[in-house]
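Understanding the architecture of this molecule
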Amino acid sequence: MKALVLSGGSGTRLRPFSYSMPKQLIPIANKPVLQHVLENIRDLGVTEIGVIVGGGAQQIEAAVGDGSALGVRITYIPQENPTGLAACVSLARPFLGDDDFVMYLGDNMLPDGVGEIAAQFTADRPAAQVVVHKVADPSAFGVAELDSEGRVTRLVEKPKEPRSDLALIGVYFFTPAIHRAVASIEPSARGELEITDAIQWLLTDGADVRASQYEGYWKDTGRVDDVLACNRKLLDDVKPDILGEVDATSVITGQVIVEAGARIVRSTVEGPAIIGAGTLVEDSRVGPYTSIGKDCVLRGTHMDESIALDGATVTEVRGLHGSVIGRSATVGQAAQHRLVVGDHTSVEVAAA
């Protein structure tokens, strides 16, 4: 089996960060979303991975390289314009050949993995197997309608009156039968080749299409609030590891990672939290559910339930909560409790 990861989208819902970085590189627990995805795929025993890339190709390649550090082999597949998920399958056909493959959206987080679902697909080999998850508002998703044996009877994109609460969540398993389906469909009303249309074509043609329900935690990291929520979830599972320097006046409590080269000076860090390599935390309090990237500086600052990306500097900010601070951004004297600050941005607001 091979894998196809889609990482070419523009990520308009994650602005301002997606102006300067691919949305798949936003860090969750100090690791890019795309890296979490690639590790999940590797854990399935799949090592040949094609990655669809768009305008952020250079940054993605710089972040994950050829995949060898993760134990996989990555082939980058350039895409000039996003024209639908099924179009990505067509574009990747030379890489995929006649192999079965798993297709995975590069901004989806499924930390519990899909190992059992992959094993089921390998054992039964239906033409397609979609991964679904129960959601509160099915009308916002593609929805799978199933029969009593778990076979898909119909797929409906964002139905006004859903007959099912099982949403497609961006992981699909396919045999080579999908290529004939993709070649047989026409662009949708929005001008894209929809993967739901290709799977529906298989159904109409009499193919076996199945759905497997994912019971674990799932998050589409398309919005800042989703990124923060997912960061909280993953930090719950970190194991304490103090590799950096913590002076005698500082206090570390709970599940805290202090990476090598980081320094904690006259400060308190309450876990779960991660302090990245080369970061200085001085005269500050870092509260629970906070991820601080590499080479950051926090001085005289109180921060919790937040993310600071690599190179960020935060000075004399009290009560910073639920915030995301971009790469190499500078924030000081801010009165607000919640900030979303893009890369290389300076924010100075006089305290009220």
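Data block above holds the structure.
What comes next is a walk through the structure. (Residues numbered from 1 in each chain as written. Predicted model: local features only at pLDDT ≥ 70, side-chain atom pairs only at ≥ 80, totals over all residues. Heavy atoms only, no water.)

1. Some remarks on the nonpolar core
Membership of the largest hydrophobic core comes to 50 residues, with the highest contact counts inside it found for V5, L38, I41, I49, L110, F173 and Y214. The dominant element in this core, judged by the number of residues it contributes, is helix α9 (residues 224-235), at six residues. Setting aside its immediate chain neighbours within four residues, F173 contacts M1, F101, V102, V114, I117, A118, F121, A127, A128, Q129 and V131. Among the nonpolar cores identified, the runner-up in size contains 36 residues, and A86, A127, A128 and A198 belong to it. (Core = buried A, V, L, I, M, F, W, Y, C linked by side-chain atoms within 4.5 Å. Buried < 20%, exposed > 50% of the residue type's maximum accessible area, 1.4 Å probe, protein only. Helix = DSSP H or I, 4+ residues; strand = E, 2+ residues; numbered from the N terminus. Contact = heavy atoms within 4.5 Å.)

2. Some words on the pattern of salt bridges
Tallying each qualifying case throughout the model produces 20 salt bridges. Two residues, R73 and E48, come together in a salt bridge whose shortest N-O distance is 2.5 Å. On the criterion of sequence distance, the pair formed by R73 in strand β5 (residues 73-78) and E48 in strand β4 (residues 48-53) is long-range, its members being 25 residues apart. Residue classification places E48 among the partly exposed residues on the basis of a relative accessible area of 26%. (Salt bridge = Lys/Arg side-chain N within 4 Å of Asp/Glu carboxyl O.)

3. Side note on the environment of L6
Structurally, L6 is set in strand β1 (residues 2-7). Separated by 88 residues in sequence, L6 and P94 have C-alpha atoms that sit 16 Å apart. Apart from the residues within four sequence positions on either side, L6 is in contact with Q24, I52, L85, C88, M103, Y104, L105 and G106.

4. As for the sheet that holds strand β19 (residues 268-270)
In spatial order, the strands read β16-β19-β22-β25-β28; together these five strands make up an open sheet with parallel pairing. Two strands close off the open sheet at either side, each with one partner strand: β16 (251-253) and β28 (320-321). Relative to β19, β16 runs parallel, the two sharing three bridges. Of the residues in β19, the one forming a bridge with T253 is E270. (Pairing = 2+ DSSP bridges.)

5. As for the packing of aromatic side chains
For the structure shown, the criterion picks out four aromatic pairs. By way of ring pairs, the aromatic residues F101, Y172 and F174 are connected into one cluster. Its guanidinium or amino end placed over the ring of F95, K2 lies 4.9 Å from that ring's centre, counting from NZ or CZ. (Phe/Tyr/Trp six-rings, centres within 6.5 Å; stacked < 30°, edge-to-face > 60°. Lys NZ or Arg CZ within 6 Å of the ring centre and 35° of its normal.)

6. Side note on α9
Counted at 1.5 Å a residue, the expected span for α9 with its 12 residues is 16 Å, and the 17 Å between its end C-alpha atoms agrees. With nine of its 12 residues buried, α9 lies for the most part within the structure. (Expected span 1.5 Å × (residues − 1).)

7. A word on helix α3 (residues 57-64)
An α-helix turns once every 3.6 residues. As a result, residues three or four positions apart point the same way. What α3 keeps buried is the set A57, I60 and V64. End-on view of α3: buried residues confined to an arc of 65 degrees, all on one side of the axis. Facing away from the buried surface of α3 by more than 90 degrees, the exposed residues are Q58 and A62. Looking at the buried side of α3, the elements it contacts are β1, α2 (33-42), β4 and β5. Just downstream of α3, G65 is the residue with a positive phi angle, here 60 degrees. (Arc of directions from axis to C-beta.)

8. What about the state of the cysteines?
Covalently bonding the sulfur atom of one cysteine to the sulfur atom of another cysteine gives a disulfide. Enumeration according to the criterion identifies zero disulfides in this entry. Its sulfur unpaired, C230 is 19 Å from the next cysteine sulfur, which belongs to C296. Overall, C230 belongs to the buried group, its relative accessible area being 0%. (Disulfide = S-S within 2.5 Å.)

9. A closer look at the environment of S184
One can find S184 in helix α7 (residues 177-184). The spatial distance from the C-alpha of S184 to the C-alpha of I195 is 12 Å, given a sequence separation of 11 residues.

10. Comments concerning the layout of surface pockets
Here the second largest pocket defines a volume of roughly 410 Å³. Contributing to the lining of the second largest pocket are 16 residues, with L25, P27, N30, P32 and D310 lying nearest its centre. Residue assignment for the lining of the second largest pocket shows that the elements contributing at least two residues are β3 (31-32) and α3. Considering only residue class, the lining of the second largest pocket consists of seven nonpolar, four polar and five charged. (1 Å grid on protein atoms, 1.4 Å probe; cavity = no way out; pocket = protein on both sides within 12 Å on 5 of 7 lines; lining within 4 Å. Points joined across faces, edges and corners; volume = space filled by probe spheres on them. Nonpolar A, V, L, I, M, F, W, Y, C, P; charged D, E, K, R; others polar.)

11. So, the packing of α7 against helix α8 (residues 195-204)
Two numbers describe a pair of packed helices, the interaxial angle and the distance between the axes. Running from amino to carboxyl end, α7 crosses α8 at an angle of 110 degrees, the nearest separation of the two axes being 8 Å. Taken together, the axes of α7 and α8 lie roughly perpendicular to each other. The way α7 lies across α8 gives a crossing that is right-handed. Mapping the contact onto sequence places A177, I178, R180, A181, V182 and S184 in α7 and I195, A198, W201 and L202 in α8. Of the residues belonging to the contact of α7 with α8, the class tally is eight nonpolar, one polar and one charged. (Axes fitted to C-alpha atoms, helices over the stretch in contact; angles between N-to-C directions. Parallel < 35°, antiparallel > 145°, perpendicular 65-115°, else oblique. Left-handed = near helix turned anticlockwise from the far one by under 90°.)

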